[in-house]
Amino acid sequence: YVTLAFHVPAQSDPVYAALEGAAELLFVGDNARLYKRLVTQERVAADVEGYLTPFAEPGLCEITVALRKGVDTHSAIDLVREELERVAVALTEAAVAKARNGLELAFFDALRDADGLAEALGHAEVCENDYRHAFEMPARIELLSMDSIADACRACFRPENCTIGIVRPDGQ
């Protein structure tokens with residue numbers, strides 16, 4: 001396994017919403033850009049997962065790659081970095097619309113029952129000091145653009161902003 005962890009701003013920072021758009025494109029579903037590149041096309045990974053921490057304080061965007069046997073770790077890291085750079089320079093309006101749609105669906109799906117609503121309200125109160133911020137996500141999603149996502153990717157997915165962890169089975 002290899003994990004790349006990038007430092008990201010707090011959830012209340014405007015850059016965070018753009019990173020959510022990038023994360024939607026990079027990590028969500030079998031058609032996600034990192035999954036498609038590393039698992040389907042290059043066949044260097046068995047799986048790819050990504051997570052953007054939604055905290056009041058700055059956190060991490062973590063990308064974990066389950067490498068196939070015999071794959072060079074550093075080659076896989078280079079492929080991840082290439083794809084992160086590609087998001088910053090090769091976005092289309094269709095990709096941004098896909099990210100908006102996915103984020104909006106996830107937002108409303110989370111509010112479908114009392115538990116989800118309570119979670120959203122509590123999270124907004126704790127992380128942003130105002131429960132009303134729970135309902136600002138649709139407006140943040142609407143503001144996503146090719147430029148905002150690209151700028152956020154360039155700001156956060158820099159090599160000097162990354163910590164890499166490599167986990168190998170015993171004896172390797």
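Residues numbered from 1 in each chain as written. Predicted model: local features only at pLDDT ≥ 70, side-chain atom pairs only at ≥ 80, totals over all residues. Heavy atoms only, no water.

*Asks:* Talk me through the nonpolar core; I want residue IDs and the actual numbers.
*Replies:* With 45 residues, the main nonpolar core has Leu38 and Ile63 as its most contacted residues. The residues contacting Ile63, other than those within four sequence positions of it, are Val2, Thr3, Leu4, Phe6, Phe27, Leu34, Val48, Glu49, Gly50, Val80 and Leu84. (Core = buried A, V, L, I, M, F, W, Y, C linked by side-chain atoms within 4.5 Å. Buried < 20%, exposed > 50% of the residue type's maximum accessible area, 1.4 Å probe, protein only. Contact = heavy atoms within 4.5 Å.)

*Asks:* Let's hear about the packing of aromatic side chains: which residues, and what values?
*Replies:* On inspection of all chains with the given rule, the structure shows 2 aromatic pairs. Seen in terms of ring centroids, Phe107 and Phe108 are 4.9 Å apart; in terms of plane orientation they differ by 75 degrees. Their pairing is edge-to-face. For Phe107, a relative accessible area of 13% translates into the label buried. (Phe/Tyr/Trp six-rings, centres within 6.5 Å; stacked < 30°, edge-to-face > 60°.)

*Asks:* Quick rundown of the layout of surface pockets? Include the residues and the values.
*Replies:* Taken as a whole, the largest pocket holds about 770 Å³ of empty space. Taken together, 27 residues line the largest pocket, and the ones lying closest to its centre are Gln11, Glu20, Pro54, Phe107 and Met137. Elements represented by at least two residues in the lining of the largest pocket include exactly α1 (14–27), β2 (45–52), α4 (93–110), α5 (114–128) and α6 (137–142). Partitioning the lining of the largest pocket into residue classes produces 17 nonpolar, 5 polar and 5 charged. (1 Å grid on protein atoms, 1.4 Å probe; cavity = no way out; pocket = protein on both sides within 12 Å on 5 of 7 lines; lining within 4 Å. Points joined across faces, edges and corners; volume = space filled by probe spheres on them. Helix = DSSP H or I, 4+ residues; strand = E, 2+ residues; numbered from the N terminus. Nonpolar A, V, L, I, M, F, W, Y, C, P; charged D, E, K, R; others polar.)

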